[in-house]
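Residue-level structural notes
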Amino acid sequence: MIASSEPTCRTCGRSLQGVQVSASRRSGTTDELGPDEPEREGSGPGGPDLLAALLDGMDAALCAFDADGVVTHWNREAERILGWSAEEAVGRRGLAGWAVRSADAEEVEGRLLAAMHAPGRQVHEFALLTKDGGRVLVRTQSAVVRGPDGKPTGVYCAFSEVHTQIDLERSIALSEALFEDAGWGVVLVDADLRPAVVNTHAARALGTGRTSVLGRPLGELLSQGVEELESALQHVLAEGAPPAPAEVWVTVRTPEGERRRCWRSGFLRLASPLAEEPVPLGVGWLFQDVTEAKQGEQEASLLRFRAQQLHRASRAAAECEDPAEAATVHLDFALAGFADHALIDRVAGGALADAEAGGPPVRLVRVAATPSGAPGPSKLAGRAGLPVRYAEGHPALQCVERAGALRASAGAVPAEEAREWALARQWPPDAVHALCAVLRSRGRTLGVVTFLRGAGRSAFERSDAMYAEDVAVRIAAALDLAGLSGAR
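Each value, and the rule that gives it
Residues numbered from 1 in each chain as written. Predicted model: local features only at pLDDT ≥ 70, side-chain atom pairs only at ≥ 80, totals over all residues. Heavy atoms only, no water. Buried < 20%, exposed > 50% of the residue type's maximum accessible area, 1.4 Å probe, protein only. Helix = DSSP H or I, 4+ residues; strand = E, 2+ residues; numbered from the N terminus. Contact = heavy atoms within 4.5 Å. Pairing = 2+ DSSP bridges. Axes fitted to C-alpha atoms, helices over the stretch in contact; angles between N-to-C directions. Parallel < 35°, antiparallel > 145°, perpendicular 65-115°, else oblique. Left-handed = near helix turned anticlockwise from the far one by under 90°. Phe/Tyr/Trp six-rings, centres within 6.5 Å; stacked < 30°, edge-to-face > 60°. Lys NZ or Arg CZ within 6 Å of the ring centre and 35° of its normal.

The next thing to look at is helix H10 (residues 395–402). If you check which residues of H10 are buried, you get Pro395, Ala396, Leu397, Cys399 and Val400. Buried residues along H10 sit against strand S14 (341–347), strand S15 (352–353), strand S16 (364–369), strand S18 (406–409), strand S19 (433–441) and strand S20 (444–453). In the stretch just after H10, alanine 403 is the one whose phi turns positive, near 60°.

Here is the structure:
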């Protein structure tokens with residue numbers, strides 16, 4: 001197979017254009033093109049034997065003709081394609097009757113020998129005959145061979161089967177398309193797990209240029225997800241490609257800041273085709289950004305779960321004789337996967353009408369709370385009716401005054417400062433994020449429910465506030481019923 005624009009040696013990779021050697025008519029080895037001369041010794045290590053080995057090691061089939069059209073070269077690849085051995089081919093004048101049909105011989109030989117008087121290489125396609133009588137379509141590259149005086153002394157012709165050449169061209173075209181026009185990222189990672197080739201899409205996803213990313217450790221490009229990605233690459237180098245794509249969450253460092261992305265990735269181990277045993281050259285990593293789709297799936301799954309929790313809580317609360325106990329049932333079901341702690345505080349005196357807003361400071365009495373130590377169901381509290389010592393501006397008091405949800409967070413502070421922040425607000429010491437939702441029923445404010453998260457969770461978002469408000473409506477209805485029934 002022709003692997004480049006001119007025939008090269010498989011062993012040393014050097015071009016054979018201008019090499020003036022031929023297969024010996026005695027043994028199929030090599031001697032100098034042109035008139036018979038004694039073999040010159042000392043012309044190089046191994047002399048003719050080395051040159052014969054180089055020719056026979058070529059990936060391309062090669063034959064050569066002297067100025068009279070006599071075959072002087074015929075390597076093993078030519079023998080493989082056509083079936084004629086060097087002993088049978090070398091010394092024949094032209095190709096007529098054995099390698100080419102007689103009717104086509106004049107045209108074929110004319111094209112090949114015309115290379116002696118043409119600049120550069122000439123490319124042709126025509127059919128050759130195999131030893132068993134078959135025909136094979138080949139693509140040839142022919143060029144002049146010059147003597148020491150610079151005059152043409154013959155022609156060499158490198159050829160391969162057309163379908164083999166087309167396969168090579170398709171492979172090259174595929175590689176070019178992947179690295180130029182592909183709609184997904186393609187990265188070739190070397191054995192040291194550093195990018196060696198990056199296409200345009202991948203460079204854009206990594207927030208950098210195609211050349212600036214080369215040779216850099218992945219840790220310089222990603223702030224999170226590096227360990228998981230490198231572990232996958234190492235596995236592919238050692239064990240081969242996984243049976244299915246993998247979804248990897250990473251955080252990409254970009255000039256605009258860090259971005260959290262999900263990449264659906266496929267991996268291929270790359271091995272050298274020239275080695276006797278597979279030698280890993282690296283990993284081909286193909287990925288596609290599926291962040292929006294994954295976030296949509298997660299949000300849909302979360303909404304389904306929360307809807308199921310609200311449904312289960314309503315069915316369980318309906319079986320409670322005590323409406324206050326029903327309020328704690330709603331609280332317990334809401335905590336699952338949502339928060340670490342929760343508190344229910346009721347307005348002292350029962351309820352606060354909208355017309356009373358702006359009056360005396362609001363006081364809140366603890367109604368129920370989750371255990372601050374080991375996990376467990378919420379417990380009713382505050383039978384004595386003593387107000388909670390909330391300082392002015394406390395998030396729960398602000399929630400009551402605004403009659404709406406409110407979020408608060410300690411922020412990125414040391415653990416000791418976060419602990420002081422929580423204790424100053426009468427919350428469990430491990431609380432870092434808070435979400436307060438007002439309890440409203442029959443046009444009145446009954447109190448506030450507070451959900452708390454620890455440092456291991458993310459801060460509350462707007463969607464969390466909407467869910468908390470749904471829970472608060474159910475808790476408020478239960479507390480209102482408890483007040484009407486005199487249960488509390």
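From this point, the discussion proceeds with the structure in view.
So, on to the environment of alanine 336. Position of alanine 336 among the secondary structure elements: in the loop between helix H9 (323–335) and S14. Separated by 27 residues in sequence, alanine 336 and glutamine 309 have C-alpha atoms that sit 8.3 Å apart. Those residues within four positions of alanine 336 in sequence are excluded, and the remaining contacts are Phe305 and Gln309.

Moving on: the sheet that holds strand S4 (residues 71–74). Reading across from one edge, S4-S3-S7-S6-S5 is the order of the five strands in this open sheet, with antiparallel pairing throughout. Both outer strands of the open sheet, S4 and strand S5 (122–129), are each paired with one neighbouring strand and no more. In this sheet, neighbouring strand axes are inclined to one another by 30° on average, regardless of whether the strands run parallel or antiparallel. Strands in contact with helix H4 (residues 102–113) are strand S3 (61–66), S5, strand S6 (135–146) and strand S7 (152–161); relative to S5, the strand with the most contacts, it is inclined by about 150°. Its contacts with the sheet put helix H5 (residues 162–180) on S5, S6 and S7, and the angle it makes with S7 is roughly 75°.

So, about the packing of helix H8 (residues 291–317) against H9. Contact geometry of H8 with H9 gives a least axis separation of 9 Å together with a crossing angle of 155°. What the angle tells us is that H8 and H9 run roughly antiparallel. The chirality of how H8 crosses H9 is right-handed. Contact residues: Gln309, Arg312, Ala313, Ser314, Ala316 and Ala317 in H8; Ala326, Val329, His330 and Phe333 in H9.

Evaluated as defined, the whole model comprises nine aromatic pairs. Aromatic pair phenylalanine 338 and phenylalanine 451: ring centres 5.1 Å apart, planes at 85°, arrangement edge-to-face. Here the residue phenylalanine 338 occupies a position in the loop between H9 and S14, and phenylalanine 451 occupies one in strand S20, the gap between them amounting to 113 residues. Accessibility assignment for this pair places phenylalanine 338 and phenylalanine 451 in one class, buried. An aromatic cluster is defined as three or more aromatic residues linked by ring pairs; in this entry it consists of Phe338, Phe451, Phe460 and Tyr467. Lying over the aromatic face of tryptophan 84, arginine 92 brings its terminal NZ or CZ to 5.4 Å of the ring centre. Across the ring face of phenylalanine 460, the terminal group of arginine 453 is positioned such that the distance to the ring centre comes to 4.0 Å.

Relative to the helices and strands, glutamate 161 resides in strand S7. Apart from the residues within four sequence positions on either side, glutamate 161 is in contact with Arg80, Ile81, Val136, Leu137 and Val138.

Time to look at the pairing of S16. For S16, the tally of buried residues reaches six of six residues, placing the bulk of the element in the interior. Two elements, S14 and S16, share five bridges in a ladder whose sense is antiparallel. The residue of S16 that forms the bridge with arginine 346 is valine 365. Sheet topology note: the S16/strand S17 (residues 379–380) ladder contains two bridges and is antiparallel. Bridge pairing in S17 links alanine 369 to lysine 379.

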